[in-house]
Protein chains: 2
Amino acid sequence: MSDYVHGYDPRESERLQDQAGTLVDLLHHDTTYPDGSAVLEAGCGVGAQTVTLASRSPGARFTSVDVSEESVAAARERVAAAGLHNVELRQADIFALPFAPASFDHVFVCFVLEHLARPAAALAVLAALLKPGGTVTVIEGDHGSAYFHPDSPAAHEAIRCQVELQARAGGDALIGRQVYPLMVAAGLDAVRVSPRMVYADASRPGLVDGFTRRTFTAMIEGVRAPALAAGLIDAPSFDAGVEALHRTTGADGTFCYTFFKGTGVRG
Amino acid sequence: MSDYVHGYDPRESERLQDQAGTLVDLLHHDTTYPDGSAVLEAGCGVGAQTVTLASRSPGARFTSVDVSEESVAAARERVAAAGLHNVELRQADIFALPFAPASFDHVFVCFVLEHLARPAAALAVLAALLKPGGTVTVIEGDHGSAYFHPDSPAAHEAIRCQVELQARAGGDALIGRQVYPLMVAAGLDAVRVSPRMVYADASRPGLVDGFTRRTFTAMIEGVRAPALAAGLIDAPSFDAGVEALHRTTGADGTFCYTFFKGTGVRG
């Protein structure tokens, strides 16, 4: 929030929550856990999904871990600020988790596999922590699912920089379309994947602002410095791409992006 | 026309795919016309949509036109074979229709604008045939919405041939994402567009076979000869692309494609 330029007007805050609510509902509306169940959230980051999860299943007990001590501290603050008491936060690496086999009823993994070099192996490790019959839920985006009007080769080039940087860091920004085979490869049963498409046009100003502008385009803008430093693109080309993405927020613009949500069962 | 309250809701789209599993339901479930209403289907082709439309609204009267006399004859046979008596078929050009202004209550246009050099002008012509308050419904695909696993540059090259051939013929195979601005440009009010995403993986074998293999890949295979004749690609490259599309129908493959359905009102 350090570079948040729109101030803290309560109405603005309310509007932002409404927008956030749109995407949150799209991704999480069908995830609730029974009272008393033990849920592992692997890779909680700063707790953005943790608060949603724990609020929606107040009777479940969440154990949320992240490899970054700093992120865990931020998540702890966020969870406390939300007044939630059903979340335990711990620093831990997914490949060295301090839990016994069959410790959990459910596992939740959101926007994590995209950063891992061995996503199917990570899922297998997580599945081993489940009791038989327990479920794994995975949510991932896919930057190759982004298309828009007006179309623009420059915009696709800027997006390509993000994909390439993530690949060089050992991740995969095109992972959403692979959620099904990854979950099957991890040995999960009854795998079902459902796409969650975000479509924004001028008749949906909340999505245009909240998703096209402030989520997707802002994310691409955020890789400008590393993309230039890595020599992936020159500055004018990158800036033209970002400008073209902003252009899709115009009155005649449209923007499409798809998240993929998968569930599977430990047999 | 029924007032479809779920709008573009991706969950609804997902539910439809899970429940019905057919493309017809995904695209047409929310289009029904009241008894006694007069509906113009512009560009009926060989009547594939005509039969669906007229069957679902048995009390409405359909006038289905196509520029091709041959297609109209085929549509006439298909309508007769379906035992439908609420369809009148006529040969006519969209830009020279033999109807007076305000002749119809509703207009339906499916997989037609993609072939026209002036799609917004065509929509404006059609809107002028509506009584005030009448609706226009548009359905179009978008070949830029196709992505898949395993990803393959060769497959994208083969798809690009189809897009380029359609562009050379004066059309636009990337029109789905433009349905909203086209309908607005045609002067329609209350325009709402909802994407209808098809997602196929091995857990949905009907879609893998019916859509990925027999609809999309078959369509791309169908442009092999013209693509080679136009010098857009060499034969081994095209064939590698088609092979890669077939590869997405494997046990670990996935395939995504999105149709766009728009409705607007004549003010």
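Heads up: these notes are all about the structure in this document. (Residues numbered from 1 in each chain as written. Chains lettered and ligands numbered in written order. Predicted model: local features only at pLDDT ≥ 70, side-chain atom pairs only at ≥ 80, totals over all residues. Heavy atoms only, no water.)

Time to look at the overall build of chain A. Of the regular secondary structure elements, chain A holds nine helices and eight strands. Its C-alpha atoms give chain A a radius of gyration of 19 Å, near enough to 18 Å, the size a compact globule of 267 residues would have. With the C-alpha coordinates of chain A rotated into their principal frame, the extents come out at 50 × 40 × 30 Å. A total of 267 residues make up chain A; the buried ones form 52% of that total. Pairs at least 24 residues apart make up 79% of the contacts formed inside chain A by residues separated by at least 6 positions. Put simply, chain A shows about 11,100 Å² of open surface, and 56% of that area lies on carbon and sulfur atoms. (Helix = DSSP H or I, 4+ residues; strand = E, 2+ residues; numbered from the N terminus. Rg over C-alpha atoms; globule rule 2.2 N^0.38 Å. Buried < 20%, exposed > 50% of the residue type's maximum accessible area, 1.4 Å probe, protein only. Contact = heavy atoms within 4.5 Å. Areas by Shrake-Rupley, 256 points an atom, 1.4 Å probe, with all protein chains shown as cover.)

A separate point is the side chain of Gln166 of chain A. The residue Gln166 of chain A is located in helix H5 (residues 153-168) in this model. Leaving out residues up to four positions away in the same chain, Gln166 of chain A has contacts with Glu114, His115, Gly171, Asp172 and Ala173 of chain A.

Membership of the largest hydrophobic core comes to 70 residues, with the highest contact counts inside it found for Leu40 of chain A together with Leu40 of chain B. The residues touching Leu40 of chain B, leaving out its near neighbours within four places in the chain, are Thr63, Val65, Leu97, Phe99, Phe104, His106, Val107, Phe108, Leu126 and Leu129 of chain B. Of all hydrophobic cores here, the second largest spans 46 residues; its members include Ala54, Val208, Ile233 and Leu245 of chain B. (Core = buried A, V, L, I, M, F, W, Y, C linked by side-chain atoms within 4.5 Å.)

Before going further, it helps to examine the pattern of salt bridges. With the rule as written, the count across this model stands at 23 salt bridges over all chains. The shortest N-O distance in the salt bridge between Asp25 of chain B and Arg56 of chain B comes to 2.7 Å. Of the two residues, Asp25 of chain B is situated in helix H2 (residues 23-28) and Arg56 of chain B in helix H3 (residues 48-56); the sequence distance between them amounts to 31 residues. Classification of Asp25 of chain B as partly exposed rests on a relative accessible area of 21%. Between Glu157 of chain B and Arg160 of chain B there is a salt bridge; the shortest N-O distance is 2.9 Å. Of the two residues, Glu157 of chain B and Arg160 of chain B are both situated in helix H6 (residues 153-168); the distance of three residues between them amounts to about one turn of the helix. Overall, the relative accessible area of 33% leaves Arg160 of chain B in the partly exposed class. Each of Asp30, Arg196 and Lys261 of chain A takes part in one network of salt bridges that share partners. (Salt bridge = Lys/Arg side-chain N within 4 Å of Asp/Glu carboxyl O.)

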